[in-house]
Amino acid sequence: MQTTTVFGPDSQQAYCPNCGKNVMTYAEPKTNLITWLICLFTGFWCILCCDCTKDVDHRCPICATYLGAYRR
Ligand SMILES: [Zn+2]
């Protein structure tokens, strides 16, 4: 049975196939183009300060392998 890791917005435990062990992921917020466009058109610069429009990449803290992403 295969379990699918569901990634949240914060650092969490996940299996790194490269290291072959469970690690605490490094959560890297991604400020994407859409975020910037929303800011430009609305003027709500506070959007950049909250995580509501950001995706988060999860990487292994040891080998930096991409493990998954959290998407809104
Ligand atoms: Zn690793």
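Per an unreviewed UniProt entry, the recorded name for the chain is LITAF domain-containing protein, and the organism is Acrobeloides nanus. Looking at the chain in UniProt, the text filed under Sequence similarities (unreviewed entry) is "Belongs to the CDIP1/LITAF family."

**A word on the sheet that holds strand S5 (residues 66–70)**
The 3 strands are arranged S3-S4-S5 in an open sheet whose pairing can be described as antiparallel. The open sheet has two edge strands, strand S3 (26–30) and S5, and neither has a second partner. Adjacent strand axes in the sheet meet at a mean angle of 25 degrees, parallel and antiparallel pairs treated alike.

**With respect to the coordination of the zinc ion**
Coordination of the zinc ion by the protein comes from Cys16 (SG), Cys19 (SG), Cys60 (SG) and Cys63 (SG), over a distance range of 2.2 to 2.3 Å. Note that the zinc ion binds 4 donor atoms; their angles at the metal cover 103 to 115 degrees, and the shape is tetrahedral. Relative accessible area serves as the criterion here: at 3%, Cys60 is assigned to the buried category.

**Concerning a nonpolar patch on the surface**
On the surface, Leu33, Leu37 and Leu40 cluster together into a nonpolar patch covering about 320 Å² of accessible area. Considering the arrangement of structural elements, one finds Leu33 in helix H1 (residues 33–42).

**Brief notes about the pattern of salt bridges**
Tallying each qualifying case throughout the model produces 2 salt bridges. The partner of Glu28 in a salt bridge is Arg59, and the shortest N-O contact between them spans 3.4 Å. Pair noted here: Glu28 is in strand S3 and Arg59 is in strand S4 (residues 55–59), with a separation of 31 residues, a long-range link. Looking at Glu28, the relative accessible area reads 26%, which means it is partly exposed. Arg59 sits in the partly exposed class, given a relative accessible area of 27%. Asp55 serves as the salt-bridge partner of Arg71, at 2.9 Å between the closest nitrogen and oxygen. Pair noted here: Arg71 is in the segment after S5 and Asp55 is in strand S4, with a separation of 16 residues, a long-range link.

Each value, and the rule that gives it
- Residues numbered from 1 in each chain as written.
- Predicted model: local features only at pLDDT ≥ 70, side-chain atom pairs only at ≥ 80, totals over all residues.
- Heavy atoms only, no water.
- UniProt positions renumbered as here; feature names shortened; annotations may be inferred.
- Pairing = 2+ DSSP bridges.
- Helix = DSSP H or I, 4+ residues; strand = E, 2+ residues; numbered from the N terminus.
- Axes fitted to C-alpha atoms, helices over the stretch in contact; angles between N-to-C directions.
- Donors = N, O, S within 2.8 Å, 3.2 Å for Na, K, Ca; no water.
- Tetrahedral: all angles 85-135°; square planar, octahedral: opposite > 155°, others 65-115°.
- Buried < 20%, exposed > 50% of the residue type's maximum accessible area, 1.4 Å probe, protein only.
- Patch = residues over 30% accessible without salt bridge, like charges linked within 9 Å, V, L, I, M, F, W, Y side chains within 5 Å.
- Areas by Shrake-Rupley, 256 points an atom, 1.4 Å probe, with all protein chains shown as cover.
- Salt bridge = Lys/Arg side-chain N within 4 Å of Asp/Glu carboxyl O.

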